[in-house]
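# Architecture and fold: a report
The chain contents come next:
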Amino acid sequence: MWTFTADVEEYAAVAEPVLLGDPVRNTVPLTVLANLRAGLPVKDPLFGWWTVDGEVRGTVFHTPPHPVGLFSLPPEAVAPLIEAIGGDVTAAVGPLEVTSEVTRLLGTPRRVMPERLYRLGTLAVPAAPGRGRLAVPADFPLLVSWYHAFGAEVAMGEGDVAERVARRLSARELFVWEADGAPVSLAALSPAAGGVCRIGPVYTPPSCRRRGYGAAVTAYASQTGLAERCDEVVLFTDLDNPTSNAIYQAIGYEPVSDYAHLTY
């Protein structure tokens with residue numbers, strides 16, 4: 001049986017113990033929950049949990065304009081979920097076994113982005129000219145332009161980019177790599193949730209690529225996370241981008257599981 005609410009604290013009381021059972025695979029819902037409890041405004045959110053014989057066996061969240069998050073539910077809960085919300089799914093993201101069930105029920109999506117979750121093992125710091133540092137307010141215009149460029153490249157730009165960059169700058173979540181005194185690459189690091197921080201996005205402008213800056217800033221943000229903020233660091237990659245997958249594995253990231261981002 002599915003139960004739904006728009007009250008984040010009601011959802012947290014039920015969902016958080018389930019999500020904390022596997023904080024690596026549940027990094028996204030745990031981060032979303034932490035941000036909402038910290039006051040991040042969301043219009044018309046939907047939260048839910050799936051119970052069988054009185055036991056909570058799955059959770060779901062939808063914080064528009066982002067996709068429906070199907071990170072922590074079994075495939076057999078998908079059909080009742082879609083029926084309960086009236087089939088109103090324009091985008092969804094979750095593990096392959098769950099998104100495959102969505103596709104079976106709703107048909108072929110307009111777009112599928114295959115993703116892989118990685119967890120950092122032993123960090124191998126790459127050699128690259130320059131240095132890493134925390135982003136500062138003076139970086140704001142450049143970072144907004146990079147966020148826009150990243151969103152255009154992956155066709156996933158959502159929400160108010162300037163507001164997001166301002167919020168993440170204020171929370172000390174953005175890092176840049178500098179070469180010759182100028183920023184050349186960006187990596188973001190989510191706040192710890194369940195002891196896990198998540199890297200993303202990582203962006204290097206085309207004119208600065210193939211020089212090791214993306215790997216360097218990712219390693220720098222990862223190192224900062226482990227030293228100051230969390231017990232583990234994870235990240236998602238686009239499986240259609242073999243270059244980024246190879247780069248992250250080279251600095252110590254190890255595959256955990258595969259996901260898909262569906263757009264209808």
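Here is a short report on the structure shown in this document. (Residues numbered from 1 in each chain as written. Predicted model: local features only at pLDDT ≥ 70, side-chain atom pairs only at ≥ 80, totals over all residues. Heavy atoms only, no water.)

## Describing the sheet that holds strand β5 (residues 91–95)
With mixed pairing, twelve strands are arranged side by side in an open sheet as β1-β2-β3-β4-β5-β12-β6-β11-β10-β9-β8-β7. Of all strands in the sheet, those bounded by a partner on one side alone are β1 (2–5) and β7 (131–134). Each strand axis lies, on average, 25 degrees off the axis of its neighbour in the sheet, ignoring direction. Pairing of strand β6 (residues 111–120) with strand β11 (residues 232–238) involves five bridges; the strand directions are antiparallel. Across the sheet, the residue bridging to L117 is F236, located in β11. Strand contacts of helix α5 (residues 140–154): β6, β8 (174–179), β9 (182–189) and β10 (196–203), with the helix running at about 65 degrees to β9, the strand carrying the most contacts. (Pairing = 2+ DSSP bridges. Helix = DSSP H or I, 4+ residues; strand = E, 2+ residues; numbered from the N terminus. Axes fitted to C-alpha atoms, helices over the stretch in contact; angles between N-to-C directions. Contact = heavy atoms within 4.5 Å.)

## What to know about helix α8 (residues 242–250)
For α8, the complete set of buried residues consists of S244, N245 and Y248. The arc that holds every buried residue of α8, seen down its axis, measures 100 degrees, which confines them to one face. For α8, the exposed residues lying more than 90 degrees away from the buried face are P242 and A250. Contacts from the buried residues of α8 go to β6, β10, α7 (213–228), β11 and β12 (253–263). (Buried < 20%, exposed > 50% of the residue type's maximum accessible area, 1.4 Å probe, protein only. Arc of directions from axis to C-beta.)

## Thoughts on the packing of helix α1 (residues 8–19) against helix α2 (residues 27–37)
It is at 11 Å that the axes of α1 and α2 come closest, and there the two elements cross at 150 degrees. Relative to α2, α1 is oriented roughly antiparallel. For the element pair α1 and α2, the recorded crossing hand is left-handed. Contact residues: α1 offers V8, E9, Y11, A12, E16 and L19, while α2 offers P29, L30, L33, L36 and R37. Looking at side-chain class alone, the contact of α1 with α2 contains eight nonpolar, no polar and three charged residues. (Parallel < 35°, antiparallel > 145°, perpendicular 65-115°, else oblique. Left-handed = near helix turned anticlockwise from the far one by under 90°. Nonpolar A, V, L, I, M, F, W, Y, C, P; charged D, E, K, R; others polar.)

## Overview of the pattern of salt bridges
What the rule picks out here adds up to 13 salt bridges. The salt bridge involving D258 is made with R116; its shortest N-O contact spans 2.6 Å. Of the two residues, D258 sits in strand β12 while R116 sits in strand β6, which places them 142 residues apart along the sequence. What makes D258 partly exposed here is its relative accessible area of 23%. Of the charged contacts in the structure, one is a salt bridge between R119 and E232, with a shortest N-O distance of 3.6 Å. A residue pair is termed long-range when its members are at least 10 positions apart, and R119 in strand β6 and E232 in strand β11 qualify at 113 residues. (Salt bridge = Lys/Arg side-chain N within 4 Å of Asp/Glu carboxyl O.)

## A few points about the packing of α5 against helix α6 (residues 161–170)
Put simply, α5 and α6 touch, their axes get as near as 9 Å, and they point 125 degrees apart. As far as their axial angle goes, α6 and α5 are oblique. Once α5 is placed against α6, the crossing between them reads as right-handed. Taken together, the residues of α6 that come into contact with α5 (itself represented by F140, L143, V144, Y147 and H148) are V161, A162, R164, V165, A166, R168 and L169. Broken down by class, the residue content of the contact of α5 with α6 amounts to nine nonpolar, one polar and two charged.

## Topic: the nonpolar core
Soluble globular proteins tend to bury their nonpolar side chains together. In this structure, W177, I199, V233 and Y253 are the most contacted members of the largest nonpolar core, which totals 25 residues. For this core, the elements supplying multiple residues, two or more each, are β6, β8, β9, β10, α7 and β11. With six residues, α7 is the largest single contributor of residues to this core. By size, the runner-up hydrophobic cluster in this structure holds 21 residues, among which are V28, W49, F61 and Y259. (Core = buried A, V, L, I, M, F, W, Y, C linked by side-chain atoms within 4.5 Å.)

## Considerations on the environment of G130
Checked against the element boundaries, G130 lands in the loop between β6 and β7. Residue G130 is classed as partly exposed on the basis of its relative accessible area, which comes to 47%. Along the sequence, G130 and W177 sit 47 residues apart, while their C-alpha atoms lie 6.8 Å from each other. Not counting the four nearest positions on each side in its chain, G130 is found in contact with W177, E178 and A179.

## Points about the side chain of S244
Position of S244 among the secondary structure elements: in helix α8. Judged by its relative accessible area of 15%, S244 falls in the buried class. Residues within four places of S244 in sequence aside, it is in contact with T237 and D238.

Remember, this is a structural readout, not a statement about activity or role.
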